[in-house]
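# Examining the three-dimensional arrangement
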Amino acid sequence: MKNINSVQKPLGETTDVEVWLSRAGLKFADLGHDDASKAIRKQWREYQAAVQKCCVTLHQPPECVQLSGDYAKLRIPGDKLIANDESILNS
């Protein structure tokens, strides 16, 4: 028998960098000045812009919206699609 409680409710978005980093098991103190940390910081800025746009469009707070489609990859820091993108690492 399947456990009905095993299906988790999708997480809403956040404006707190610590909450966002914790989705990947990171803390702000973990970030340095290396290329991976720079890519994560850039991803945070892109994530925040997408969240703000979504909240304004839907007239909802961040906790009540969830990014999807092309923006879904921004939800988790260091997503493989972001971390391996040389254009981001070299900017």
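Above this text you will find the structure in question.
Structural notes, computed from the coordinates. (Residues numbered from 1 in each chain as written. Predicted model: local features only at pLDDT ≥ 70, side-chain atom pairs only at ≥ 80, totals over all residues. Heavy atoms only, no water.)

This part takes up the environment of Gln 43. Within the secondary structure layout, Gln 43 lies in helix H2 (residues 35-58). Under the relative-accessibility criterion, Gln 43 is labelled buried at 1%. C-alpha of Gln 43 to C-alpha of Ile 76: the two residues are 33 residues apart in sequence and 9.1 Å apart in space. Side-chain polar atoms of Gln 43 contact the backbone nitrogen of Gly 78, separated by 2.9 Å. (Helix = DSSP H or I, 4+ residues; strand = E, 2+ residues; numbered from the N terminus. Buried < 20%, exposed > 50% of the residue type's maximum accessible area, 1.4 Å probe, protein only. Polar contact = N/O pair within 3.5 Å; in protein donor to acceptor, adjacent residues only side chain to side chain.)

A few words now on the pattern of salt bridges. Following the criterion strictly, the structure yields two salt bridges and no others. Here Glu 13 makes a salt bridge to Arg 23, at a shortest N to O gap of 3.4 Å. With Glu 13 in the segment before helix H1 (17-22) and Arg 23 in the loop between H1 and H2, the pair connects residues that are ten residues apart, well separated along the chain. Side by side, Glu 13 and Arg 23 carry an identical accessibility label, which is buried. A single network of salt bridges, built from pairs that share partners, joins Glu 13, Arg 23 and Arg 75. (Salt bridge = Lys/Arg side-chain N within 4 Å of Asp/Glu carboxyl O.)

Each disulfide is one covalent bond, formed between the sulfur atoms of two cysteines. Tallied over the entire structure, the rule returns zero disulfides. Counting only cysteine sulfurs, Cys 55 is the nearest neighbor of Cys 54, a cysteine outside any disulfide, at a range of 5.9 Å. Free cysteine: Cys 64, not disulfide-bonded; nearest cysteine sulfur from Cys 55 at 8.6 Å. (Disulfide = S-S within 2.5 Å.)

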